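Commentary on secondary and tertiary structure
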Amino acid sequence: MIEDCGSQGSTMADRRQLFAEMRAQDLDRIRLSTYRTACKLRFVQKKCNLHLVDVWNIIEALRENGLNSVDPNIELSVARLEAVIATVFYQLNKRLPTTHQINVEQSISLLLNFLLAAYDPEGHGKIPVFAVKMALATLCGGKILDKLRYIFSLISETSGVMIYGKFDQFLREVLKLPTTVFEGPSFGYTEQAARSCFSQQKTVMLNTFLDSLMSDPPPQCLVWLPLLHRLANVENVFHPVECSYCHSESMMGFRYRCQQCHNYQLCQDCFWRGLASGSHSNQHQMKEYTSWKSPAKKLTNALSKSLSCASSREPLHPMFPDQPEKPLNLAHIVDTWPPRPVTSMNDAVFSHSVPSSGSPFTNKSMIDSPSRLDEEHRLIARYAARLAAENAATQQQRGTADISYTIDANKQQRQLIAELENKNREILQEIQRLRLEHEQASQPTPEKAQQNPTLLAELRLLRQRKDELEQRMSALQESRRELMVQLEGLMKLLKTQGAGSPRSSPSHTISRPIPMPIRSLSACSTPAHTPQDSLTGVGGDVQEAFAQSSKRNLRNDLLVAADSITNTMSSLVKELKSEAGSETESNVDSAQYDDLISSPASEKAFLAQINARKPGYLHSSAGGSIIRSDIGTEDGLSYVRTDEESYDSDSVRQLETELKMEEYLKQKLQDDSYQVSLQG
């Protein structure tokens with residue numbers, strides 16, 4: 001008595017623990033009773049680990065406990081029910097890997113307490129077998145189609161027709177599950193529940209039963225059953241969409257889209273609890289999505305549906321035959337072929353009795369007679385001996401056939417192996433031949449090198465041309481350095497004159513810096529010139545201006561330098577003209593210009609002429625004398641020009657002449673660079 005009280009106390013404690021954990025999930029806040037019931041039963045299913053068991057495992061456990069062929073109205077004790085549940089979970093642990101084992105004792109206790117709370121609330125300790133089968137088949141995992149087929153086999157006749165009384169009993173037992181999770185007002189059992197599913201005048205077969213319970217929507221009393229399976233299928237479905245209420249960046253499970261509000265989508269938690277924002281209302285029609293499809297996939301599906309001729313909608317379930325397949329009854333099969341002669345009256349009576357009535361005995365007096373029993377025993381012994389002889393002959397023939405077949409198979413295998421080995425040798429020889437040919441083709445020979453002398457001559461010419469171009473580049477670089485030296489002398493002269501004139505300033509001396517990039521040469525040519533090497537002897541102003549850029553090629557370098565020299569010379573001319581106080585037009589005679597253009601035979605001679613025209617030669621003989629010359633003006637008057645003014649005018653003319661020379665040098669450098677680029 002004390003042990004019974006202790007077990008009842010532990011049972012009540014486990015039951016309260018299960019329901020307390022279910023309340024902690026805050027599932028009562030779900031406003032729709034269908035989703036609320038399905039979520040609660042899903043919680044119980046996962047808590048008891050029944051989601052890892054399918055209906056076939058339930059059937060196997062019932063067979064092991066001898067409950068597959070008993071009367072459904074027999075009641076099971078708590079100990080027997082616990083043994084059935086233990087079989088289910090121990091077999092489950094055998095199928096699971098060692099890293100995913102479950103707590104069998106806890107699962108047994110939770111499921112047992114839940115079933116007792118559902119089907120034995122008064123505590124009698126007895127539960128009908130039919131109720132246990134319905135509850136386990138409903139709460140287990142797996143496909144809903146397999147569950148409904150098993151349930152229909154329990155509530156139908158052998159002819160495949162559903163019995164309405166058993167269907168009503170099925171609803172009575174299965175609707176106790178929502179009542180146990182406190183959803184009885186919504187899905188409790190009523191007498192009109194069976195009539196709302198099927199009409200009693202209609203014969204319900206398996207296909208009709210499946211169509212009704214798997215339709216959309218299903219019967220009102222069982223609307224939570226398909227939702228329970230859809231909820232299990234979409235638990236891990238990911239939707240990369242933001243919820244319009246809670247603004248979570250992704251959704252798991254169901255996704256709901258409003259049919260009236262533009263691009264308004266809710267996650268399952270917000271929709272189940274009736275949360276809304278903006279212009280959206282809970283009265284709007286919502287569409288449920290169980291998967292995510294990209295816009296491209298949606299367009300593809302729409303096009304395929306529009307182009308397909310036949311309907312792409314699949315049936316809810318496969319069609320099953322109305323008449324179930326009957327198993328063969330081998331209880332009364334007796335060997336009557338070949339026919340044997342009738343030697344006694346009893347044999348004649350037995351042989352005629354079998355085909356006439358379909359049963360081995362037609363007269364009860366024959367069954368009770370001792371002679372009939374002895375004859376039956378002899379018949380059984382004869383039949384057993386014949387079967388043994390036939391089995392021995394069959395085994396002997398089969399053994400001979402197996403041996404011959406084995407010999408033939410071995411011979412064929414050896415032939416096949418020999419053919420494969422020959423092919424393998426041929427393939428290896430071909431591979432070796434191709435490898436040798438490839439090696440011979442890839443190795444250069446002296447004969448091949450001497451076969452094309454034209455190519456070798458062209459290569460030598462290209463190398464010579466390359467050396468000439470490198471020498472030419474070096475000469476141009478040297479000419480550039482000498483020009484920079486001349487420019488530095490002019491700049492020093494201008495600074496010296498600016499120090500004595502109040503109108504001159506350093507800002508008028510140089511218009512902009514002259515960049516001097518480093519030219520790039522090939523690795524096998526003369527050593528590269530750096531800005532310090534090419535501008536050796538040049539003052540700091542020019543060298544600093546030419547050292548600003550370091551990543552240009554020689555052609556651009558020379559062009560930019562010539563352009564900068566031209567601009568600087570122009571600035572110098574303007575400065576000298578402004579100091580003289582009047583604009584002086586000085587044009588070089590065309591003959592003299594032609595002479596300047598055609599006279600230099602090389603850059604060296606051209607530079608010598610520039611050195612001969614330096615400003616210092618003006619002060620060679622007339623050291624302290626004053627040269628006077630009359631210059632006429634526009635108004636007819638004349639004034640006397642001193643030697644300083646004559647020196648300034650001569651300087652202007654000399655600078656203009658040198659400016660034209662620089663323009664000529666710039667054009668020549670452009671032509672040379674273009675020629676080099678064409679020949680390179």
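Above this note sits the structure.
Below: a short report on this structure. The structure displayed is predicted, hence computed values, not measured ones.

What counts and what doesn't
Residues numbered from 1 in each chain as written. Predicted model: local features only at pLDDT ≥ 70, side-chain atom pairs only at ≥ 80, totals over all residues. Heavy atoms only, no water. Helix = DSSP H or I, 4+ residues; strand = E, 2+ residues; numbered from the N terminus. Buried < 20%, exposed > 50% of the residue type's maximum accessible area, 1.4 Å probe, protein only. Contact = heavy atoms within 4.5 Å. Areas by Shrake-Rupley, 256 points an atom, 1.4 Å probe, with all protein chains shown as cover. Pairing = 2+ DSSP bridges. Axes fitted to C-alpha atoms, helices over the stretch in contact; angles between N-to-C directions. Disulfide = S-S within 2.5 Å. Patch = residues over 30% accessible without salt bridge, like charges linked within 9 Å, V, L, I, M, F, W, Y side chains within 5 Å. Salt bridge = Lys/Arg side-chain N within 4 Å of Asp/Glu carboxyl O.

1. Thoughts on the overall build of the chain
Looking only at helices and strands, the chain has 26 helices and nine strands in total. Buried residues in the chain amount to 35% of all 680 residues. A separation of at least 24 residues holds for 67% of the contacts in the chain among residues at least 6 apart in sequence. Surface summary for the chain: the accessible area is close to 42,100 Å², and the carbon and sulfur share equals 54%.

2. Considerations on unusual backbone geometry
The linkage connecting Asp-216 with the following residue, Pro-217, adopts the cis geometry, with an omega of 5 degrees. Within the fold, Pro-217 resides in the loop between helix H12 (206-213) and helix H13 (224-233). One non-glycine residue, Asp-26, adopts positive backbone phi at about 60 degrees. With respect to the helices and strands, the residue Asp-26 is situated in the loop between helix H1 (2-24) and helix H2 (33-47). You will see that Asn-263, though not glycine, has its phi angle at about 55 degrees, which is positive. Locating Asn-263 in the fold gives a position in the loop between strand E5 (255-258) and strand E6 (265-267).

3. Quick notes on the environment of Glu-173
The topology assignment puts Glu-173 in helix H8 (residues 164-174). Residue classification places Glu-173 among the buried positions, given a relative accessible area of 8%. Along the chain, Glu-173 and Met-134 lie 39 residues apart, while their C-alpha atoms are 7.0 Å from each other. For Glu-173, the contacting residues outside a window of four places in its chain are Tyr-119, Phe-130, Ala-131 and Met-134.

4. Section: the pairing of E5
Note: E5 against E6, three bridges, orientation antiparallel. Residue Arg-257 lies in a different strand from E6, and its bridge partner there is Gln-265. Between the end of E5 and the start of E6, which pair antiparallel, lie six residues, with Asn-263 showing a positive phi angle near 55 degrees. Judged from the four bridges that link them, E5 and strand E7 (residues 286-289) form a sheet pairing that is antiparallel. Within E7, the residue paired with Arg-255 across the bridge is Tyr-289.

5. Some points on the packing of helix H3 (residues 55-64) against helix H7 (residues 144-154)
At a minimum axis separation of 9 Å, H3 and H7 run at an interaxial angle of 35 degrees. For the pair H3 and H7, the contacting residues are Val-55, Trp-56, Ile-59 and Leu-62 in the first and Asp-146, Lys-147 and Tyr-150 in the second.

6. Focus on the state of the cysteines
According to the stated counting rule, one finds zero disulfides in the structure shown. Counting only cysteine sulfurs, Cys-267 is the nearest neighbor of Cys-270, a cysteine outside any disulfide, at a range of 3.4 Å.

7. Considering a nonpolar patch on the surface
On the surface, Leu-455, Leu-456, Leu-459 and Leu-462 cluster together to form a nonpolar patch covering roughly 340 Å² of accessible area. Judged by relative accessible area, which is 38%, Leu-456 ranks as partly exposed.

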